[in-house]
Structure formats: structure tokens, C-alpha cells
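# Tertiary structure, described
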Amino acid sequence: MNNQRSLFFNVDWFIILTYLALCIIGWFNIHAAVYDPENPSIIDLDTNYGKQLIFIVSAVIIGFVILLLDGKFFNAFSPVFYGVTLLLLVVVLIIGRNVGGNQAWIPIGNFRLQPSEFAKFATCLLLARYLSSSTVKVQEIKTQLVAAMIILIPTALILLQPDAGSALTFSSLILVLYREGLSGYFLVIEGLAILLFILTVLYNKYYVLLGLIAVVGLLVYLFRKNRKMITVFAIGFFFSILFVFSVDFAYNSILKPHQKNRIDVILGKVNDPRGVGYNLNQSKIAIGSGGMWGKGYLQGTQTKYNFVPEQSTDFIFCTVGEEWGFAGCSVVIGLYLFLLLRIVVIAERQRSAFSRIYGYGVASILFFHFFINIGMTIGLIPVIGIPLPFLSYGGSSLWSFTILLFILLKLDSNRMGII
């Protein structure tokens, strides 16, 4: 009894209250996004907003059950969680239900389970277990390769669905490796790869290669007395050529037309507000029309008349912008920034490497979803289709984010000696 009393007294209630606030904000905005005048009650269980209430209540129960478990359980059973999610990712490719071109859901009665969501916390756990070993050093090539495999296996299975948005989420875990000692050059390389990708999509690949030759030639001239740097530039140039041709091949031969179109719209290659750019155009109209204070709850015309597709899931932020305005958007963004900063603080104060590494995994996953989802609704990022944590409609995403977050809270409570 004393242990349970200590648990609920010492657990980080700032994060729990922020979590509950985001869930409630999401619930009300889902109600507005799919409002049905024939079923106006927000607790009508026959509607999506009624179902979201069930998801929220069950998520809270799951969260507090996690707090009652032994923190060592998550370290010990991380390979089991990882193995089960990989199995589910294989199963979904065989018996999964195809929705919107992605075979990502396993039907269970009236509910659809999305394994890719649960793979996120499982991958964070196993990565933290591996990197926290006393014999492992992130600076070693072997460690980097094993860590990459832990991340890339679920990523590859998710790409087979194909769900590029969920797969890209795992790329954020490079921040975990960077925190644990990975050279900053890898982040520079990732940034340059993004730049090369954009240039290759926008321009003919041979123009990009000519630009590379010019840049590398200039660098070689400037560092002509440093053989080591010249070798680095030569290796970088070789892999850059391979990358450019790979991007060109993937863009023209692997990506589906709707995926290419989304990239073209966001990069300005095409202007199609009534076609492929419709979602983005309506999204920006909805957010912009809210002004400073918004149109009021259930008063958004873009929302009420279903101008924005997928508004209760991927585009839930549009409802916030239209009905609650700039002020409402600022509150939501502020809550996310507070949550992320608090998670980083918690991660840094951990006594065990496992807890610290897992904490940065949580921060990386949540930041990626937050930044990409809001970025795509305002036209800064291509529309790749990932939920906004705790706000978007859906049981799988809400439960997985809850598990992800509350495991960290439990590990933090162990740090305070309340097992």
C-alpha cells in the first residue's frame, strides 16, 4: 500500500496532466470534425467521437496499469515485445485489411489493430536495452550496424504494407544514437541527403551530378594539402552519386503516383489545388479562416461541410485552427513543446542508461509525429499520413503513444526509488 501511495505521489504529474489535456482537446476536436446532427451527444458510442472516449478511458487504464508494474519488466521483456510486433507486422501482410492503399490493419471484430503503431515503443525498448549494455559503444561500427538493424527491420516490414509515413517515423531514432555518442557528422550527412533528395526531384539528375562535381572540385582544391580530407571528399562523392541515382530510380519507378504527386505539390513542381493538392489547399484554408480566436466550437464551415478529407485523423489540426484560431493553435503547440521538453528533462535525470536512452526514444518519436503532422497541415512538409499524438482519432495510435509515454513515467518513478 505504501509503495502504491508513493508511486502516485512521486510520478511526474506534469506529464500526466499534459497528456490528459491533449487527449481531451483531441476528443472535442474529433467531435467537431465528424459531427453528426442526428447523433449530437459527444458520448454517443455509435459515433467516432463516442468511440474515441472509449479509447481514451481504456488508454488511461493501460497507462496506470503500466505504473503498477515493476520497471525492470520492460527491460527484461523488450526482446519479447519486439519479436511479437515483428510477428504482427508479418501477419498484417498476410491477413491484413487494405484501407486507403495500405494493408496495415488486422481486423478484430469491429476494431482494427495497426501493428506499426506498437512497433514504435517496442523498437525503442530493444534499442535502449542494446545500447545500455556495458560492452556496447556507439562509436564502434559493429554497434552502429546492430542498432541500424534493430531500427530497419520493422521499417522494412512497414514499407511493404506500404506505409511510408509510419516507416519514416523510425528515422527519428538517429537522434537517440547521436545523444549516446554518434558523431555529429552523421546528422550532417542526413541533412545533405535530404538536400540531395530535393534537388534530384526538382532537377534533372545530371544537373545535380554536375553541381556535385563542382562542389567537390572546389573542396579538393581548398584542402589540396590534406590527403585525409581529399579521401573523405572522394568517398562522399562516390556515395552521393549512388544516392542520386537511387533517388531518381525510386522516385520514377518505385513510388506510387499519389506519393509522387504529394511531393511535387509541396516542392512547387505542380500547382493543382483541385486535384492532388486539394487536401493541403483545404487544410490551409481551414486554418487560415480561423483568424486569431477561431469561429467557435462546432462553427467551422470547412469542418462542418467536410471540405478537408481525413480531418479527424491526419488533419485534426485543421479543426483546431478553424474553430479555435491562432490562440487555440498556440495552446496546443505550447502543450506539445512543454511535453517534449519535460520528457528530455526526465531522460537526462535518469540514473540508468536504459531509462535515459528510452526517454530520448520517446522524445524522438513524439517530436517526429508532432513536427511532421503539423508541418504537413500548413504546407511545410509533404502529406505522408501520420497521426498527431493524443489528438488524432484512433485506438491503435492512442494506445501505442500512451504505452510509449507511461513506460517512461514508470522508469522515472523507479529512479526515485518507489518500486
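This write-up is about the structure you can find in this document.

The rules behind the values
Residues numbered from 1 in each chain as written. Predicted model: local features only at pLDDT ≥ 70, side-chain atom pairs only at ≥ 80, totals over all residues. Heavy atoms only, no water. Axes fitted to C-alpha atoms, helices over the stretch in contact; angles between N-to-C directions. Helix = DSSP H or I, 4+ residues; strand = E, 2+ residues; numbered from the N terminus. Parallel < 35°, antiparallel > 145°, perpendicular 65-115°, else oblique. Left-handed = near helix turned anticlockwise from the far one by under 90°. Contact = heavy atoms within 4.5 Å. Nonpolar A, V, L, I, M, F, W, Y, C, P; charged D, E, K, R; others polar. Patch = residues over 30% accessible without salt bridge, like charges linked within 9 Å, V, L, I, M, F, W, Y side chains within 5 Å. Areas by Shrake-Rupley, 256 points an atom, 1.4 Å probe, with all protein chains shown as cover. Salt bridge = Lys/Arg side-chain N within 4 Å of Asp/Glu carboxyl O. Buried < 20%, exposed > 50% of the residue type's maximum accessible area, 1.4 Å probe, protein only. Core = buried A, V, L, I, M, F, W, Y, C linked by side-chain atoms within 4.5 Å. Pairing = 2+ DSSP bridges. Phe/Tyr/Trp six-rings, centres within 6.5 Å; stacked < 30°, edge-to-face > 60°. 1 Å grid on protein atoms, 1.4 Å probe; cavity = no way out; pocket = protein on both sides within 12 Å on 5 of 7 lines; lining within 4 Å. Points joined across faces, edges and corners; volume = space filled by probe spheres on them.

## Considerations on the packing of helix H5 (residues 78–95) against helix H7 (residues 141–159)
Relative orientation of the contacting elements H5 and H7 amounts to 20°, with a least axis distance of 9 Å. Classified by the interaxial angle, the pair formed by H5 and H7 is roughly parallel. Crossing angle aside, the handedness with which H5 passes H7 is left-handed. Mapping the contact onto sequence places Tyr82, Leu86, Leu89, Val90 and Leu93 in H5 and Met149, Ile150, Ile153, Pro154, Leu157 and Ile158 in H7. Residues that form the contact of H5 with H7 fall into these classes: 11 nonpolar, no polar and no charged.

## A look at a nonpolar patch on the surface
A cluster of nonpolar side chains, namely Val57, Ile61, Val65, Leu69, Phe73, Phe77, Val80 and Val84, defines an oily patch on the protein surface of about 640 Å² accessible area. Counting residues per element, the ones that place at least two in the nonpolar patch are helix H3 (48–68) and H5. Residue contributions to the nonpolar patch peak at three residues, all from H3. Note that Val84 resides in helix H5. Val84 sits in the partly exposed class, given a relative accessible area of 41%.

## Notes on the nonpolar core
Among the nonpolar cores identified, the biggest contains 93 residues, and Leu131, Tyr358 and Phe390 are the most heavily contacted of them. What Phe390 contacts, discounting residues up to four positions off in sequence, is Tyr19, Leu22, Cys23, Gly26, Leu339, Leu366, Leu398, Phe401, Thr402 and Leu405. Core analysis: the next-biggest nonpolar cluster, separate from the first, contains five residues, Val208, Leu209, Leu212 and Val244 among them.

## Here we look at the pairing of strand S2 (residues 102–108)
As paired strands, strand S1 (residues 97–99) and S2 are joined by three bridges and run antiparallel to one another. Bridge pairing in S2 links Val99 to Asn102. Taken together, the three bridges between S2 and strand S3 (residues 111–113) define a ladder with antiparallel strand orientation. Looking across to S3, one finds that Pro107 is bridged to Arg112. Counting the residues that bridge the hairpin from S2 to S3 gives two residues, and of these Gly109 lies at a positive phi of roughly 65°.

## Description of the packing of aromatic side chains
Inspection of every chain in the model, using the stated rule, returns 21 aromatic pairs. Taking 5.2 Å as the distance between ring centres and 40° as the angle between the ring planes, the aromatic pair formed by Phe111 and Trp399 counts as tilted. Within this pair, whereas Phe111 is found in strand S3, its partner Trp399 is found in helix H18 (residues 395–415), the two being separated by 288 residues in sequence. The class of Phe111 is partly exposed, set by a relative accessible area of 22%. Ring centres of Tyr336 and Phe370 lie 5.2 Å apart, and the angle between their planes is 35°; on these two criteria the pair is classed as tilted.

## What to know about the layout of surface pockets
For the second largest pocket, the calculated volume is near 190 Å³. Ser352, Ser355, Leu411, Asn414 and Arg415 are the residues nearest the centre of the second largest pocket, which is lined by 12 residues in total. Elements with a minimum of two residues in the lining of the second largest pocket: helix H4 (72–76), helix H17 (353–377) and H18. Looking at the lining of the second largest pocket element by element, the count peaks at three residues for H18. Each residue belonging to the lining of the second largest pocket can be placed in one class, and the counts come to three nonpolar, six polar and three charged.

All we've got here are geometric facts, nothing functional implied.
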